[in-house]
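A structural walkthrough
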Amino acid sequence: MTLDDLYAMMTADGHHRYEISPEGVLSIMPPPGYAHAIIATRLMGWLLAAGIPAERIAQAVGLRIVGRAGGEGGRIPDLVVWSKMQADGVWLPVADVLLVVEIVSPGSEGVDLVTKRREYAAAGIPRYWTVDQDAPQTVTMHRLDAGEYQLRATMPLAWVLNTTPAEHLDN
């Protein structure tokens with residue numbers, strides 16, 4: 001299955017999100033729920049309020065992920081921050097990505113916390129955050145070091161929103 005095939009499936013089915021790993025494993029997810037969407041919106045508002053241009057932030061945009069064995073996949077993170085504006089497209093390259101955020105939904109834990117973490121690290125994305133939908137909405141921040149993500153911080157979303165993005169993206 002190609003990324004063009006995946007796009008055709010998504011176009012035909014407006015009710016699900018389709019992703020494919022670089023190894024060719026297809027994932028079909030229902031649309032995110034309200035709590036999920038609010039977390040993404042709060043993070044996006046925080047980034048915008050800090051002065052990151054809207055053209056460098058996107059929710060639910062496709063990324064072209066090339067695996068270590070050379071296979072090509074497509075992932076749709078919940079939030080992406082780039083170092084510069086991107087050209088329009090369905091499956092964007094990861095070269096300029098600064099941060100990928102995945103909001104963990106019930107049933108997506110394994111893919112979000114293990115599979116995507118491995119794929120994003122292999123793709124060279126410098127920062128990977130996950131946000132749990134638990135009561136404190138725990139944000140776990142990872143930074144790429146020698147090809148693997150290292151834990152940098154774990155804190156409630158409310159705490160993150162009382163800091164600046166520069167505190168987490170510049171170090």
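Residues numbered from 1 in each chain as written. Predicted model: local features only at pLDDT ≥ 70, side-chain atom pairs only at ≥ 80, totals over all residues. Heavy atoms only, no water.

Looking now at the layout of surface pockets. Unoccupied space between atoms shows up once a probe the size of one water molecule is rolled over them. Looking at the largest pocket, its volume works out to about 330 Å³. Elements with a contribution of two residues or more to the lining of the largest pocket: β2 (26-29), α2 (34-49), β8 (97-104) and α3 (109-122). Each residue belonging to the lining of the largest pocket can be placed in one class, and the counts come to 10 nonpolar, 7 polar and 5 charged. (1 Å grid on protein atoms, 1.4 Å probe; cavity = no way out; pocket = protein on both sides within 12 Å on 5 of 7 lines; lining within 4 Å. Points joined across faces, edges and corners; volume = space filled by probe spheres on them. Helix = DSSP H or I, 4+ residues; strand = E, 2+ residues; numbered from the N terminus. Nonpolar A, V, L, I, M, F, W, Y, C, P; charged D, E, K, R; others polar.)

What follows is about unusual backbone geometry. Most peptide bonds take the trans configuration, and most residues that are not glycine carry a negative phi. With a phi close to 50°, Q137 is a non-glycine residue in the positive phi region. With respect to the helices and strands, the residue Q137 is situated in the loop between β9 (127-132) and β10 (138-145). For A146, which is not a glycine, the phi torsion comes out positive at approximately 55°. Within the secondary structure layout, A146 lies in the loop between β10 and β11 (148-156).

Counting through the fold element by element, D112 comes out in helix α3. If we skip the residues at most four places from it in the chain, D112 touches E102, I103, V104, S105, R117, Y128 and T130. (Contact = heavy atoms within 4.5 Å.)

Looking at the secondary structure, you find R75 in strand β5 (residues 72-75). A distance of 3.0 Å separates the side chain of R75 from the side chain of E19, its partner in a polar contact. (Polar contact = N/O pair within 3.5 Å; in protein donor to acceptor, adjacent residues only side chain to side chain.)

Right, let's get into the pairing of strand β1 (residues 17-20). Side chains R17 and E19 of β1 all project onto a buried face; the interleaved residues Y18 and I20 project onto the opposite face, where all are buried too. Bridge analysis of β1 against β2 gives 4 bridges, and the strand direction is antiparallel. Within the sheet, the bridge partner assigned to I20 lies in β2 and is L26. Here β1 folds back onto β2, and the loop between the two strands holds 5 residues, one of which, G24, carries a positive phi near 95°. (Buried < 20%, exposed > 50% of the residue type's maximum accessible area, 1.4 Å probe, protein only. Pairing = 2+ DSSP bridges.)

Before going further, it helps to spend a moment on the nonpolar core. Among the nonpolar cores identified, the biggest contains 22 residues, and L43 and W129 are the most heavily contacted of them. Secondary-structure elements contributing two or more residues to this core are α2, β6 (79-82), β8, β9, β10, β11 and α4 (157-160). Here the element with the most residues in this core is α2; it accounts for 6 residues. Those residues within four positions of W129 in sequence are excluded, and the remaining contacts are W46, L99, V100, V101, E102, V139, T140, M141, H142, H168 and L169. Ranked by size, the runner-up nonpolar core spans 15 residues in total, among them A58, V61, L63 and V100. (Core = buried A, V, L, I, M, F, W, Y, C linked by side-chain atoms within 4.5 Å.)

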